[in-house]
Protein chains: 2
Amino acid sequence: MDRIPILKLGEALLVTIQVDMHDRLAMALEEDLTARIVEQSAKGVLIDISALEIVDSFIGRTLANIAMIARILDAETVVVGMRPAVAITLVELGLSLPGVRTALNAERGMAMIKNRIDDHDPIAADGEEGDC
Amino acid sequence: MDRIPILKLGEALLVTIQVDMHDRLAMALEEDLTARIVEQSAKGVLIDISALEIVDSFIGRTLANIAMIARILDAETVVVGMRPAVAITLVELGLSLPGVRTALNAERGMAMIKNRIDDHDPIAADGEEGDC
C-alpha cells in the first residue's frame, strides 16, 4: 500500500492506521492530510490507532508532526483507540505525544472535534491529554 | 494484521479496508462486524474500499455476505469509495454486488445511513446502486 485513505466526515477527516508506517508512507500521509485539510476546510483530524500493537518513536513523531501541521492550519488532531499496552510503552519510552489530543474511541474523538467546531474552545473530555 | 478495526460513529459502524483480505481476515471481519452490530445496536455499516485497487470475486462475495448478515440484523451496509477501475472490473467479471448499496464517498454513505435511521426508508442518493 502506498497511501493511507483519508475519509471526510462532516468537517473532520478520518484516518485509520492499520499497517506499520515506514518513512514513505508516513510522509505521504502527512502530505495528503495537509492537502485535504486545506482543500476541504477541515476543522479536525481523527486518527484511529486501535489496530497498532506498537507505537514506536517514529510513529509517535509522525503523529506529533501531523498534529502540529494541522494546528497551524487551524484544525484539531485527536488520536483515538490507543491500546493500554501502547500507552504504557509510550510513557516508558518517554514519549508524551506533545500537542496530540487523545480520546478513548472514535465516537468521543468526533465529539471533541464537533465541540471545538461549535464553540472553538478546548474540551474537557475523558482520556484527553494536555493541549500545548 | 489479524483484525480490521471497526469504529463506531453514532449508530453506524465504519470499516476501512486497506489490505488485501485473505480468507481468515475476511471471516474475522464478518464475525467482528456481526458481534458489534448486535452489541451496539448499530443501524448501519459503512465500508470504505478506496484503498483497494482490485476487488476480486472473493472480496465481492465477502462484501455481499456482510451486507446480507447486516440486513438480517436490521442494519444497512453501504460500500463507499470504489475506484472507477474497480467498478469497471466488477462489471466485466459479472459481479454486481447483490444487496450491497454503494455511495461515492464516506460522507454520502453516512448520510444514506442517517436518512435510513431517520425514516427507515430507502434513500435516493447519487451513486447508489439498486437495493435487492
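Residues numbered from 1 in each chain as written. Chains lettered and ligands numbered in written order. Predicted model: local features only at pLDDT ≥ 70, side-chain atom pairs only at ≥ 80, totals over all residues. Heavy atoms only, no water.

Bringing the interface of chain A and chain B into the picture now. By a widely used convention, the size of an interface equals the accessible area lost when the partners come together. The partner chain B presents 17 residues to the 17 residues of chain A that form the contact. Summing both sides of the interface, chain A and chain B together bury roughly 1600 Å²; the carbon and sulfur share of this comes to 61%. When the buried surface of chain A facing chain B is broken down by residue, Leu7(A), Gln18(A) and Glu107(A) rank first, second and third, together holding 36% of it. Residue Lys8(A) pairs with Glu107(B) through a salt bridge whose shortest N-O separation is 3.2 Å. (Contact = heavy atoms within 4.5 Å. Buried area = accessible area lost by both parts, 1.4 Å probe. Salt bridge = Lys/Arg side-chain N within 4 Å of Asp/Glu carboxyl O.)

In this section: the sheet that holds strand β4 (residues 76-80) of chain A. Residue and element names in this part refer to chain A. Taking strand neighbours across the sheet as the criterion, the five strands line up as β1-β2-β3-β4-β5 in an open arrangement whose pairing is mixed. Two strands bound the open sheet, and with one partner strand each, they are β1 (6-9) and β5 (101-103). The sheet shows a mean angle of 25 degrees between the axes of neighbouring strands, taken without regard to direction. For β1 and strand β2 (residues 12-16), the ladder comprises four bridges, and the chain directions are antiparallel. From the neighbouring strand, lysine 8 faces β2, where its bridge partner is leucine 13. (Pairing = 2+ DSSP bridges. Helix = DSSP H or I, 4+ residues; strand = E, 2+ residues; numbered from the N terminus. Axes fitted to C-alpha atoms, helices over the stretch in contact; angles between N-to-C directions.)

Take the nonpolar core next. Counting 30 residues, the largest nonpolar core has Ile17(B), Met21(B), Leu29(B), Leu33(B) and Ile47(B) as its most contacted members. Looking at this core, the elements that each hand over two or more residues are β2 (12-16), α1 (23-39), β3 (44-48), α2 (57-72) and α3 (84-92) of chain B. When sequence neighbours within four positions are dropped, the list of residues in contact with Ile17(B) reads Ile4(B), Leu29(B), Ile47(B), Asp48(B), Ile49(B), Ala51(B), Leu52(B) and Leu63(B). Counting 29 residues, the second-largest nonpolar core is a separate cluster that includes Ala26(A), Ile37(A), Ala42(A) and Val55(A). (Core = buried A, V, L, I, M, F, W, Y, C linked by side-chain atoms within 4.5 Å. Buried < 20%, exposed > 50% of the residue type's maximum accessible area, 1.4 Å probe, protein only.)

Before going further, it helps to examine the packing of α1(B) against α2(B). All names here are of chain B. Packing of α1 against α2 leaves a shortest axis separation of 10 Å and a crossing angle of 15 degrees. Accordingly, the angle class assigned to the pair α1 and α2 is roughly parallel. The way α1 lies across α2 gives a crossing that is right-handed. In this structure, α1 uses Asp23, Ala26, Leu29, Glu30, Leu33, Thr34 and Ile37 to contact α2, whose residues at the interface are Phe58, Thr62, Asn65, Ile66, Ile69 and Ala70. The class makeup of the residues in the contact of α1 with α2 is eight nonpolar, three polar and two charged. (Parallel < 35°, antiparallel > 145°, perpendicular 65-115°, else oblique. Left-handed = near helix turned anticlockwise from the far one by under 90°. Nonpolar A, V, L, I, M, F, W, Y, C, P; charged D, E, K, R; others polar.)

To continue, consider the relation of the copies chain A and chain B. Expressed as a screw operation, the relation of chain A to chain B combines 0.0 Å of axial shift with a rotation of 180 degrees, fitting to an RMSD of 0.0 Å. Given the turn and translation reported, the copies of this chain are related as if by a two-fold rotation axis. A share of 100% of the interface residues of chain A reappears at the interface of chain B, consistent with the copies meeting face to face through the same patch. (Least-squares fit on C-alpha atoms with pLDDT ≥ 70 in both.)

Residue and element names in this part refer to chain A. All told, the structure shown has 14 salt bridges over all chains when counted by the stated rule. Here arginine 101 makes a salt bridge to glutamate 76, at a shortest N to O gap of 3.2 Å. Of this pair, arginine 101 sits in strand β5 while glutamate 76 sits in strand β4, and the two are 25 residues apart along the sequence. Take glutamate 76: its relative accessible area is 7%, and that puts it in the buried class. With a shortest N-O distance of 3.6 Å, arginine 116 and glutamate 76 are connected by a salt bridge. With arginine 116 in helix α4 (residues 106-119) and glutamate 76 in strand β4, this pair connects stretches of sequence that are 40 residues apart. The exposure class of arginine 116 is buried, given its relative accessible area of 12%.

The subject of this paragraph is the confidence of the model for chain A. Residue and element names in this part refer to chain A. Of all residues in chain A, 89% attain a pLDDT of 70 or more, and the chain-wide mean is 88. This stretch, residues 123-128, has a pLDDT under 50; its non-local contacts, to residues over four places away or in other chains, come to 14 contacts. Two numbers describe this predicted complex: its pTM, 0.84, and its ipTM, 0.81. (pLDDT = per-residue confidence, 0-100.)

A few words now on the layout of surface pockets. Residue and element names in this part refer to chain B. Computed from the structure, the largest pocket encloses a volume of approximately 380 Å³. Tallied by class, the residues present in the lining of the largest pocket amount to 10 nonpolar, two polar and six charged. Size it by volume and the second largest pocket reaches roughly 300 Å³. Gln18, Asp20, Ala51, Leu52 and Glu53 are the residues nearest the centre of the second largest pocket, which is lined by 18 residues in total. For the lining of the second largest pocket, the per-class residue count stands at 10 nonpolar, two polar and six charged. (1 Å grid on protein atoms, 1.4 Å probe; cavity = no way out; pocket = protein on both sides within 12 Å on 5 of 7 lines; lining within 4 Å. Points joined across faces, edges and corners; volume = space filled by probe spheres on them.)

The first and last C-alpha atoms of helix α4 (residues 106-119) of chain B sit 20 Å apart over 14 residues, in line with the 20 Å expected at 1.5 Å per residue. All buried positions along α4(B) are accounted for by Ala106(B), Gly109(B), Met110(B), Met112(B), Ile113(B) and Arg116(B). The buried side chains of α4(B) occupy one side of the element, clustering within an arc of 155 degrees when seen end-on. Away from its buried face by more than 90 degrees, α4(B) exposes Lys114(B) and Asp118(B). Those residues of α4(B) hidden inside the fold are in contact with β1 of chain A together with β1 (6-9), β2, β3, β4 (76-80) and β5 (101-103) of chain B. (Expected span 1.5 Å × (residues − 1). Arc of directions from axis to C-beta.)

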